[in-house]
Amino acid sequence: MRHLVILATVMTCAFAPPLLAETTASSSPEKDFTAFRHYFTSKFPKVELNDFVNGPYSMDEGLRKQWVEKEVFPPYDFALDHGKELFEKPFKNGKTFADCFDNKGIGVRQNYPYFDEKTNEVVTLELAVNQCLEKNGEKPYNYMKDDMAAVTAYMAFTSRGKPFDIKIPKDNPKALEAYEKGKQYFYQRRGQFNFSCASCHVQAPGERIRAEVLAPALGILNAMPIYRSEWGGMGTISRRFTSCNSQVRGVPLKPQDPEYRNVEYYLSYMANGLPISGPGARP
Amino acid sequence: MASTIRVRAIAGADSTEVQALVQHPMDSGFVKDSKGELIPPHHIETVQFETGGKVVFTALWGPAVSKDPFVKFTFKGGKKGDDLKITWVDNKGSTDTTTAKIA
Amino acid sequence: MNAARGGFLSPTRRGLLKGAALATVFGAGMNMMRSVVAFAADAAGWPAEAFKLKSQADTLKALYGKTAEASDKVKLDAPEIAENGAVVPISISTTLPKVTSISVMVAENPNALAASYKIPEGTLPAVSNRLKMAKTSMVIAVVESDGKLYSASKEVKVTVGGCGG
């Protein structure tokens, strides 16, 4: 019954957004950040701030116990090893991924996405990985799983514990615009179910949608990429965004579409200060 | 090519805890692929753990064991530096083996 | 040597499979094949018959030749609601003496027996593993102690996933 109540509530009430500020002189990413953070910490006073990155496991004891048991020897172990192999293997031209990234690509995941002021677009880690491959004459990876998941799993792993450090260059209207677009995407309803990302992850975290417990939007990308029991394998941020769109019976965008990159920018900025926990395991 | 067997064996005061994660599809034979065809059963049947010339644990698995199976057990004895040999055999006759050092 | 079991099915058997309940017919098809086609033998020491049975009683009979009595000295640790039926962490331990075997069955699975473990002397009578559960079911842990069988059971709920976390 409960899930029907939630569905009804979500679909009928206009989601009055204390968090969705119009782009006015009085709103700013900093103000959004404070409001967003405060919303979740006051909604869940018993959850430790850093625990939000554990998604549904910060919301439900029974799920948490099973997760802790599986983390003892986690299912993403194989992808992690494969990712390390791929990361270190030289391209045909002799270079490696290390040549494309700061600090040789080790411990840098928390800086993504960033706003590239030369190209005026948001660059996510997945995009950067494929840009690196293309720049070195290699075939780019499929964005959804397999090698992309393996490499980003390894890169996330080298950043484990490091807090998200997303920057919106001050006085760059394009960067601010990308952030605002990402925010709007997040709160905009779509699909036959007429859900926004916020419908589930801001309005109903910790509640159930059918049999699954919803993760809070705060820190929701910190564990990516993830091994999902439901997929029986790994998936990237691209995979999760496209499948979320399909699940609300909307038409998914292409992986790494600018809209997806913008929403990743928004969500990552909202998680500034929270530790990278990837790669992760989820139901 | 990396081994399919990941193992952590940690010696305590008088016993050693062993955890193993094995990369294997463990197809049950009850699941259909995207074409609607049954994926034939392909799963590990036996896993044997040996150290000091003795078998310390044997797992007999059916298709109801999860994909990329995990198992944990503890045996008395074992000390740091000892070899622990693990071997699995599946229903197709495939096999893999690894020897790890007890930590 | 390697038998892709589906590949050996004649057209009529394939037709038979498509219409009927998969679990039972698949099992029947397997038995028919054994007598007709020679293929890779199962691993040495693997109790093939025990893994094919539907009922708990038949399974224990095939595996041990005995029946089990409930005992509070067998501890079964399993979640109340499985996060995902494909990977359910299950742990079994016991204070009973002279344990030589631990097995675990899932009542509502097509075949009851999920796994069985041989416990030599010197190995602690405890095991943790991850099992597949087709649906909400009793999970039964069985311990062979000093030649007798003891069991404990717990219901684990398995639900269909929703929109994801």
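To keep things clear, this report deals only with the structure shown in the data block. This is a predicted model, so every value here is computed, not measured. (Residues numbered from 1 in each chain as written. Chains lettered and ligands numbered in written order. Predicted model: local features only at pLDDT ≥ 70, side-chain atom pairs only at ≥ 80, totals over all residues.)

For chain C, the helix and strand inventory stands at three helices and eight strands. The helix and strand sequence of chain C, counted from the amino end, reads α-α-α-β-β-β-β-β-β-β-β. When burial is assessed residue by residue, chain C has 40% of its 165 residues classed as buried. Sequence separation of 24 or more characterises 63% of the internal contacts of chain C that already satisfy a separation of 6 or more. (Helix = DSSP H or I, 4+ residues; strand = E, 2+ residues; numbered from the N terminus. Buried ≥ 20, exposed ≤ 12 C-beta atoms within 10 Å, placed from the backbone. Contact = placed C-beta atoms within 7 Å.)

Spatially, the six strands line up as an open sheet ordered 1(B)-2(B)-5(B)-6(C)-3(C)-2(C), and their pairing is antiparallel. With one partner strand each, in any of the chains shown, strand 1 (5–11) of chain B together with strand 2 (74–77) of chain C form the two edges of the open sheet. On average, adjacent strands in this sheet sit at an angle of 15° to one another, irrespective of strand direction. As paired strands, strand 2 (residues 15–22) of chain B and strand 5 (residues 70–76) of chain B are joined by seven bridges and run antiparallel to one another. Along strand 5 of chain B, the bridge assignment pairs S15 of chain B with K76 of chain B. (Pairing = 2+ DSSP bridges. Axes fitted to C-alpha atoms, helices over the stretch in contact; angles between N-to-C directions.)

Right, let's get into the packing of helix 7 (residues 173–187) of chain A against helix 10 (residues 258–270) of chain A. When two helices pack together, their arrangement is given by the angle between their axes and by how far apart the axes lie. All names here are of chain A. Across the interface, helix 7 lies against helix 10 with an axial gap of 7 Å and an inter-helix angle of 95°. In terms of axis orientation, helix 7 runs roughly perpendicular to helix 10. Between helix 7 and helix 10, the contacting residues are A178, Y179, K181, G182, K183, Y185 and F186 on the first element and E259, N262, V263, Y265, Y266, L267 and Y269 on the second. Looking at the contact of helix 7 with helix 10 residue by residue, the class counts come to nine nonpolar, two polar and three charged. (Parallel < 35°, antiparallel > 145°, perpendicular 65-115°, else oblique. Nonpolar A, V, L, I, M, F, W, Y, C, P; charged D, E, K, R; others polar.)

Formed by 71 residues in total, the largest nonpolar core has its most connected members in A79, A153, Y266 and L267 of chain A. For this core, the element with the highest residue contribution is helix 6 (residues 146–157) of chain A, accounting for eight residues. For this core, the domains that each give at least three residues are domain 1 (2–7 + 30–74 + 162–282) and domain 2 (77–157) of chain A. Core analysis: the second largest hydrophobic core is formed by 68 residues, L21 of chain B together with W46, V88 and V143 of chain C among them. (Core = buried A, V, L, I, M, F, W, Y, C linked by C-beta atoms within 7 Å. Domains from an automatic or database assignment.)

Quick look at the pairing of strand 8 (residues 148–156) of chain C now. All names here are of chain C. Pairing between strand 1 (residues 68–70) and strand 8: three bridges, direction parallel. Of the residues in strand 8, the one forming a bridge with A68 is L149. With nine bridges connecting them, strand 7 (residues 137–145) and strand 8 associate as antiparallel partners. In the sheet register, S137 faces strand 8, and the bridge partner there is V156. Linking strand 7 back to strand 8 in an antiparallel pair, the connection comprises two residues, with D146 at a positive phi of about 50°.

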